[in-house]
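Residue-level structure breakdown
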Amino acid sequence: MVNITIDNHTIAVPAGTTIMEAAASIHIPIPKLCYLKDINEIGACRVCVVEIEGQDHLVTSCNNVVEEGMTIYTNSPKVRRNRKHTVEMILSQHDAQCATCVRSGNCTLQTIANDLNVVESPYKKEICVEEWDTRYPLVRDASKCVKCMRCIQVCDKIQGMHIWDVSGTGARTTVGVSGNRDIKTADCALCGQCITHCPTGALRERDDTEKLYRALEDKDTIVVAQIAPAVRTAWGESLGLSREEATVEKIVDALRKIGVDYVFDTTFSADLTIMEEGTEFVERFTKGDLDLYPMFTSCCPGWVRFIKSQYPQMANRLSSAKSPQEMFGAVMKTVFAKKMDIDPDRIFALSIMPCLAKKDEREKPLFHGEFAGHGVDLVLTTRELDRLIRADHIDPKTLKDSAFDAPFTEGTGAGVIFGATGGVMEAALRSAYYLITGKNPEADAFKEIRGVNKNGWTEAKFDIAGNTVEIAVVSGLQNTRNLMEAIRKREVHYHFVEVMACPGGCVGGGGQPIHEGKEMASDRGSNLYFLDKTSQLRFSHENPDIKHLYDEYFGSPGSHKAHQLLHVQE
Ligand code: HC1
Ligand code: SF4
């Protein structure tokens, strides 16, 4: 142990502890802007400086470790003056128009400047401006970039995509797309992790809320919404609701208040995906078609973008099943339109998703009979949903539980866990077991694949009717790349692999509420597993509305009709 004194408190901490961690251990929070534990510990912003007795220079506390006998001051007059000067310098290069910034109220720079009492900027403003096509789902505003390097590090270390890089030197240092590429051609997976790790409004999603308002204003348009599984566990975080208060049924109420005509649960179409993907897997498995092993899940559009750009030779191993979002879109514009006797062109299909890549996925065309268009017309992230609720002056505390609409009301626990890493595989195995043996397994029989594996990916073997099914589950794109390399080199062998681009799955999605320096995926994932555990229905094949949809329209999973609407035609 190392003995130190911080702000007159004498403590002992393990050797190797940083000054920042030592201070945090006795509840002294040192302000920081660029620091992200294990990802960005480079001391670039210099906001976290502290004074050490006997040393002339202030040191950054995030990447300097304690030494025996150190006496540290985290907020001495010298530290305060230096920190304020640093923040004033950062603000001189920052377009601090907080009133029109999407991160206002949730911006680390704003908080630090406020806390330091920066009420005017003494330095001449020199703001960097950069062209950006704001029609792209990922938007960068160079005038708000503080060069903290977090986006570079998250994209490099966690996602292994190397999309961002630094350019220029000194005061002209800036961050941009690496290799002078354009973001549209840079193979960005659109996972949005750089956004959720940005401390300011320099990175954000394209705001599409106005498009919804236009649809709502048009009296001829029928707005039909779907809500993704992972949204339910996060939407209340930035609205001051506890996890217990923030039910998915209250989102239904909010969307109805905003003017949406029908509200459905993507969990329903997650069950539909399981029927199609589970059937496809059982077919491949029983045929023993080795060329197509492993079969990869296809519901995460960030992952689909990744495999198509990074491992195109393996893209034919993706399940042909569309994602739940796209399946629901296709069902809305066909089965639902017919049932309700509505012209599908009048339907405006809205998705509320925890994801940025879904904004891109929805661009895929849908052709069916006379209809030519899109299954989904607009995707809003969880953050945009929260902004809609605020813009409509809805007090979240007054929302009541409101049921999803018929005829696609039910979603099972198996569909809900799609939002957490391992959930799609677990849901698929529950139904694959049934398809192979004719009976249900224990609902929790496959629970060992839950959660994030610290070693990169989770693998498991399950015996189903005397056959061994070998599976793997991975989330985060650097982990995915490692797994793909192992598969390519034939170091590992699996029949079925689930991939989610965002660490922890959709719960940690790039469209979810942002919490400074805090990873929320694990807490949110546990909540989805709790919702599954307490569900009446825990098997996709037992969803009565799914059974009805097959009886009435598709016939059986994998049928010709199902292939036309529910599978990717390439
Ligand atoms: Fe996901 Fe999915 S789980 S991809 O993370 O398969 O976005 O929540 O909606 O489509 O169901 C996202 C979540 C979501 C799809 C489902
Ligand atoms: Fe990298 Fe994901 Fe950001 Fe694209 S969206 S730049 S892949 S972190």
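All of these numbers come straight from a predicted model, not from anything done at the bench.

Applying the stated criterion across every chain yields a total of 17 aromatic pairs. Taken together, a centroid distance of 5.2 Å and an interplanar angle of 80° make the contact between Tyr262 and Phe336 edge-to-face. A residue pair is termed long-range when its members are at least 10 positions apart, and Tyr262 in strand β11 (residues 262–265) and Phe336 in helix α10 (residues 324–340) qualify at 74 residues. Both rings, one in Phe306 and one in Tyr311, keep their centres 6.0 Å apart while their planes meet at 40°; by these two values the pair is tilted. As far as burial versus exposure is concerned, Phe306 and Tyr311 are alike and both buried. What links up through ring pairs into an aromatic cluster is the set Tyr262, Phe264, Phe268, Phe328, Phe336 and Phe408.

Relative to each other, helix α2 (residues 77–92) and helix α3 (residues 108–115) sit at 135°, their axes nearing to 10 Å. It follows that α2 is oblique to α3 by the angle criterion. As α2 runs across α3, the sense of the crossing is left-handed. Seen from α2, the contacting residues are Val87, Ile90 and Leu91; seen from α3, they are Leu109, Ile112 and Ala113. Of the residues assigned to the contact of α2 with α3, the class counts are six nonpolar, no polar and no charged.

We now examine the nonpolar core. With 110 residues, the main nonpolar core has Leu138, Trp164, Ile227, Trp235, Trp303 and Ile471 as its most contacted residues. There are two domains that each give this core at least three residues, and those are domain 2 (98–205) and domain 3 (207–570). Those residues in contact with Ile471 that lie beyond four places of it in its chain are Met425, Leu429, Ile449, Thr458, Glu459, Ala460, Phe462, Tyr494 and Phe496. Residues Val224, Phe264, Ala321 and Phe408 belong to the second largest nonpolar core, which totals 29 residues.

Secondary-structure assignment places Cys300 in the loop between β12 (295–296) and α9 (301–310). Cys300 sits in the buried class, given a relative accessible area of 10%. Residues Cys300 and Lys322, spaced 22 residues apart in sequence, show a C-alpha to C-alpha distance of 9.8 Å. In this structure, Cys300 is in contact with Val499, Met500 and Ala501, ignoring residues within four places of it in sequence.

The subject of this paragraph is the site of ligand 2. Lining the immediate environment of ligand 2, one finds Cys155, Met161, Ile163, Trp164, Cys188, Ala189, Leu190, Cys191, Gly192 and Cys194. Across the shell around ligand 2, the residue classes break down as nine nonpolar, one polar and no charged.

Bridge count between strand β14 (residues 365–368) and strand β15 (residues 371–374): four bridges; the pairing is antiparallel. Within β15, the residue paired with Leu366 across the bridge is Gly373. Count of turn residues in the β14/β15 antiparallel hairpin: two residues, of which Gly369 carries a positive phi of about 55°.

The next subject is the side chain of Gln226. Structurally, Gln226 can be placed in strand β10 (residues 222–227). Since its relative accessible area comes to 1%, Gln226 is described here as buried. Polar side-chain contacts of Gln226 include one of 3.1 Å to the backbone oxygen of Gln325. At a separation of 3.3 Å, a polar atom in the side chain of Gln226 contacts the side chain of Ser351.

A few words on the side chain of Glu470. With respect to the helices, strands and loops of the structure, Glu470 is situated in strand β18 (residues 467–475). In this structure the side chain of Glu470 is engaged in a polar contact, spanning 3.4 Å, whose partner is the side chain of His493. What Glu470 contacts, discounting residues up to four positions off in sequence, is Ala460, Lys461, His493, Tyr494, His495 and Phe496.

Secondary-structure assignment places Val424 in helix α14 (residues 423–437). Between the alpha carbons of Val424 and Gln478 there is a distance of 20 Å; along the sequence they are 54 residues apart. Among all residues touching Val424, those that are not within four sequence positions of it are Ile274, Glu277, Thr297, Cys299, Ile417, Phe418, Glu498 and Met500.

With that out of the way, let us pick up the pattern of salt bridges. On inspection of all chains with the given rule, the structure shows 34 salt bridges. Between Asp253 and Lys257 there is a salt bridge; the shortest N-O distance is 3.0 Å. With Asp253 and Lys257 both in helix α7 (residues 248–258), this residue pair falls four residues apart, about one helical turn. With relative accessibility at 11%, the residue Asp253 sits in the buried group. We classify Lys257 as partly exposed; its relative accessible area is 45%. Arg430 is the salt-bridge partner of Glu426, the closest N and O atoms lying 2.9 Å from each other. Placement of the pair is Glu426 and Arg430 together in helix α14, with a separation of four residues, close to one helical turn. Here Glu426 matches Arg430 in class, with each residue buried. One connected set of salt bridges, linked through shared partners, spans Glu426, Arg430, Asp444, Arg450, Asp532, Lys533 and Arg538.

It is worth spelling out the sheet that holds β11 at this point. If you trace the four strands from one edge of the open sheet to the other, you get β11-β10-β13-β16, paired in parallel fashion. The sheet is open, and its two borders are formed by β11 and β16 (378–381), each paired with just one other strand. This sheet shows a mean twist of 25° between the axes of neighbouring strands, independent of strand direction. Two strands pair when backbone bridges link them, and β10 and β11 are joined in this way by four bridges, in the parallel orientation. For Val224, the partnering residue across the bridge sits in β11 and is Tyr262. The strands touched by α7 are β10, β11 and β13 (347–353); relative to β10, the strand with the most contacts, the crossing angle is about 160°. Helix-sheet contacts for helix α12 (residues 382–391) involve β13 and β16, and the interaxial angle to β16 is about 85°.

A residue-level look at the chain finds 100% of positions with pLDDT of 70 or above and a mean pLDDT of 96. Across the interface, the model reports ipTM at 0.93; the global pTM reads 0.96.

Further remarks concern the site of ligand 1. Lining the immediate environment of ligand 1, one finds 16 residues, of which Ala228, Ala230, Gln325, Lys358 and Cys506 sit closest. Separating an oxygen atom of ligand 1 from a backbone N or O atom of Pro229 is a distance of 3.4 Å. Contacts to ligand 1 include Gln325, whose backbone N or O atom sits 2.8 Å from an oxygen atom. Sorting the residues of the shell around ligand 1 by element identifies α8 (266–287) and α10 as the ones contributing at least two each. Of the residues assigned to the shell around ligand 1, the class counts are eleven nonpolar, four polar and one charged.

Each value, and the rule that gives it
- Residues numbered from 1 in each chain as written.
- Chains lettered and ligands numbered in written order.
- Predicted model: local features only at pLDDT ≥ 70, side-chain atom pairs only at ≥ 80, totals over all residues.
- Heavy atoms only, no water.
- Phe/Tyr/Trp six-rings, centres within 6.5 Å; stacked < 30°, edge-to-face > 60°.
- Helix = DSSP H or I, 4+ residues; strand = E, 2+ residues; numbered from the N terminus.
- Buried < 20%, exposed > 50% of the residue type's maximum accessible area, 1.4 Å probe, protein only.
- Axes fitted to C-alpha atoms, helices over the stretch in contact; angles between N-to-C directions.
- Parallel < 35°, antiparallel > 145°, perpendicular 65-115°, else oblique.
- Left-handed = near helix turned anticlockwise from the far one by under 90°.
- Contact = heavy atoms within 4.5 Å.
- Nonpolar A, V, L, I, M, F, W, Y, C, P; charged D, E, K, R; others polar.
- Core = buried A, V, L, I, M, F, W, Y, C linked by side-chain atoms within 4.5 Å.
- Domains from an automatic or database assignment.
- Near = heavy atom within 4 Å.
- Pairing = 2+ DSSP bridges.
- Polar contact = N/O pair within 3.5 Å; in protein donor to acceptor, adjacent residues only side chain to side chain.
- Salt bridge = Lys/Arg side-chain N within 4 Å of Asp/Glu carboxyl O.
- pLDDT = per-residue confidence, 0-100.

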